[in-house]
Amino acid sequence: MSDVGLSRLLQFQRRQKSVCNLTLCVLLFLTCSCSSLSLCPAQCSCESTVVNCVSQNLSSIPQPLPENTTTLNLSGNNITSLNSDSFPWPLEHLTSLYVSGSRVMHLDSIVFKNLPSLRLLDLSNNMISEVEALPQDNKIEVLNLGGSLFNYSSIDVFTNLFQHSLSKVSRLDLSNNGLIFLPNGIFTNLPDLTVLDLRNNTLVSFGDGTFANQALKELDLRDNALKVLPNETMDELRLIPDLRVRLAGNPWSCDCDIEETLIWLERHDFVVDRLNLTCSYPTELKNAPLLHLEQSQLPCWRNAGDIDRALEPSYAFLGMVLALIGVIFLLVLYLNRKGIKKWMYNIRDACRDHMEGYHYRYEINSDPRLANLSLNSDV
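Note that this is a predicted model, so its numbers are computed, not measured.

**Q** Just checking my understanding: could you explain the overall build of the protein for this structure?
**A** In terms of helices and strands, the protein carries 8 helices and 15 strands. Out of the 379 residues in the protein, the part that is buried amounts to 34%. Sequence separation of 24 or more characterises 56% of the internal contacts of the protein that already satisfy a separation of 6 or more.

**Q** How should the state of the cysteines be read in this particular structure?
**A** All chains considered together, the criterion is met by 4 disulfides. Across a sulfur-sulfur distance of 1.9 Å, C44 and C53 are joined as a disulfide pair. Sign of the S-S torsion, about 105° for the bond between C44 and C53, identifies this disulfide as right-handed. For C53, a relative accessible area of 0% puts it in the buried group. Linked covalently through their sulfurs, C254 and C279 form a disulfide whose S-S length is 1.9 Å. When the S-S torsion is -95°, as for the bridge of C254 with C279, the disulfide is left-handed.

**Q** Just to check I follow, could you spell out the sheet that holds strand β5 (residues 96-98) for this structure?
**A** Hydrogen bonds between backbone atoms are what pair the strands of a sheet, whose relative direction is either parallel or antiparallel. Read from one edge of the open sheet, 10 strands run β1-β2-β3-β5-β7-β9-β10-β11-β12-β13, paired in mixed fashion. Unpaired on one side and paired on the other, β1 (45-47) and β13 (244-246) mark the two borders of the sheet. Taken over all neighbouring pairs, the strand axes of this sheet differ in orientation by 5° on average, direction set aside.

**Q** Just checking my understanding: could you explain empty space enclosed by the protein for this structure?
**A** To find leftover empty space, a probe the size of one water molecule is rolled over the atoms. Counting across every chain of the model gives 1 cavity of 30 Å³ or more. In this model, the largest cavity occupies a volume close to 60 Å³.

**Q** Even after reading the chapter, I still don't get the layout of surface pockets, so can you show me in this structure?
**A** Within this model, the largest pocket holds a volume of roughly 220 Å³. Around the largest pocket, the lining comprises 17 residues; the ones closest to its centre are R171, L172, D173, V195 and D197. Counting residues per element, the ones that place at least two in the lining of the largest pocket are β7 (120-122), β9 (142-144), β10 (171-173), β11 (195-197) and β12 (218-220). Of the residues belonging to the lining of the largest pocket, the class tally is 9 nonpolar, 1 polar and 7 charged.

**Q** Explain the environment of N114 to me, please; I cannot follow it from the model alone.
**A** Mapped onto the elements, N114 comes out in the loop between α2 (110-113) and β7. When its relative accessible area of 19% is taken as the criterion, N114 is described as buried. Separated by 27 residues in the primary sequence, N114 and F87 place their C-alpha atoms 6.5 Å from one another. Here the side chain of N114 touches F87 through a polar contact of 2.6 Å, landing on its backbone oxygen.

**Q** I'm lost on the sheet that holds strand β6 (residues 106-107) in this one. Help?
**A** With respect to topology, 3 strands assemble into an open sheet ordered β4-β6-β8, the strand pairing being parallel. Among the strands making up the open sheet, the edge pair consists of β4 (81-82) and β8 (130-131). Two strands pair when backbone bridges link them, and β6 and β8 are joined in this way by 2 bridges, in the parallel orientation. Each bridged residue has a counterpart across the sheet, and for H106 the counterpart in β8 is E130.

**Q** What's the story with the environment of P62 in this structure? I'm lost.
**A** Here P62 shows up in the loop between β2 (50-52) and β3 (71-73). Between the C-alpha atom of P62 and that of C44, which follows or precedes it by 18 residues, the distance is 8.3 Å. Dropping the residues within four chain positions of it, P62 is found in contact with P41, Q43, C44, C53 and L74.

**Q** I tried to follow the packing of aromatic side chains on my own but got confused; where do I start?
**A** Two aromatic rings, taken as a pair, are described by how far apart their centres are and by the angle between their planes. All told, the structure shown has 4 aromatic pairs when counted by the stated rule. Considering the side-chain rings of F162 and F187, the 6.3 Å spacing of their centres and the 35° angle between planes classify their relative orientation as tilted. Highlighted residues: F162 in helix α3 (residues 155-164) and F187 in the loop between β10 and β11, separated in sequence by 25 residues. The two residues F162 and F187 agree in class, both being buried. For the pair F206 and F211, a centre-to-centre distance of 5.0 Å together with 70° between the ring planes defines the contact as edge-to-face. F206 sits in the buried class, given a relative accessible area of 8%. Judged by its relative accessible area of 2%, F211 falls in the buried class. Among the aromatic side chains, those forming a connected cluster through ring pairs are F158, F162 and F187.

**Q** It is not clear to me how the side chain of D273 should be interpreted in this structure. Could you clarify?
**A** Within the fold, D273 resides in the loop between α5 (259-267) and β15 (279-281). As a buried residue without a salt bridge, D273 has its nearest oppositely charged side chain in R222, at a separation of 5.2 Å. Polar side-chain contacts of D273 include one of 3.1 Å to the backbone nitrogen of L247. A distance of 2.9 Å separates a polar atom in the side chain of D273 from the backbone nitrogen of A248. Beyond its immediate stretch of four places on either side in the chain, D273 contacts R222, V245, R246, L247 and A248.

Cut-off values and rules
- Residues numbered from 1 in each chain as written.
- Predicted model: local features only at pLDDT ≥ 70, side-chain atom pairs only at ≥ 80, totals over all residues.
- Heavy atoms only, no water.
- Helix = DSSP H or I, 4+ residues; strand = E, 2+ residues; numbered from the N terminus.
- Buried < 20%, exposed > 50% of the residue type's maximum accessible area, 1.4 Å probe, protein only.
- Contact = heavy atoms within 4.5 Å.
- Disulfide = S-S within 2.5 Å.
- Pairing = 2+ DSSP bridges.
- Axes fitted to C-alpha atoms, helices over the stretch in contact; angles between N-to-C directions.
- 1 Å grid on protein atoms, 1.4 Å probe; cavity = no way out; pocket = protein on both sides within 12 Å on 5 of 7 lines; lining within 4 Å.
- Points joined across faces, edges and corners; volume = space filled by probe spheres on them.
- Nonpolar A, V, L, I, M, F, W, Y, C, P; charged D, E, K, R; others polar.
- Polar contact = N/O pair within 3.5 Å; in protein donor to acceptor, adjacent residues only side chain to side chain.
- Phe/Tyr/Trp six-rings, centres within 6.5 Å; stacked < 30°, edge-to-face > 60°.
- Lys, Arg positive; Asp, Glu negative; His and termini not counted.
- Salt bridge = Lys/Arg side-chain N within 4 Å of Asp/Glu carboxyl O.

If you want it as structure tokens, here you go:
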């Protein structure tokens, strides 16, 4: 073989070796990258892009998490706080986060800065008492806060959140929280809200503008403490197109005050469970279906109130007469004060003489010598 041929052969071998080295490096890089993406925490199970860490008695979020995680389930643990240490590195692909029943009490806004794609957040069955404002650019659409408030007054914490940080929420769950009232306009700044769950609270009434959201499609008010619906609330619900409302399980009071509610139920069929609404009061109408009631069946406690109002002028006149008599009596006493004073002195003297006589007789009876002396003197 000539020198030229040998030189070409050596060059070919060098190129082939370089290509092999390059290929090996690429494969090694891809292997490392894939291993870093698919790394699963020891306490969790991972399947594709879903990381499941349910009921592992975790006190913090396990690290590191796969970078390609789309769903993270941390329910049933003991993670009392979600803070800056919870997600130290961005999880760009995480869209669903479940932290139900994990005793969460505090939410730090920094948590959500590293979760830019989060769409679903489940914080149900916790004891949340403190929440910091979320980033304005958050994309949360589904928020579950069922049974998550530390007490009913904590709704004030979320009122600020609803009004400034959750403009994209379309499904909101506030069930099982023992809520007694809702602040006026609490849902005003949730323009995309379509499903609102308020089941199993203690709501007795609603303020103006509570349900003024025209995007609302599903409203669940079952198992609360509603005895009658305010006229303003009925008007707000009537104006929302394609709305479906559920009202069963409330203690409806079937008296004159419920007449407007009965008319409203008969005219509008968007109350999907209206056939299941029954009376709780009075006793004679207990469990009677609302839609089967006649106006003549409704007891009217307002009649007693009307009688009382009619008698109010008589009560006022009687009070004035009694006051006048009292004034006259005091005036007579004042004009006869000297005679009354003399009369009181005479009574006092008579009582004193009488008591002295009793005292003298008692002394005689108690001393035998004085008793004999008294007899002798009598003889």
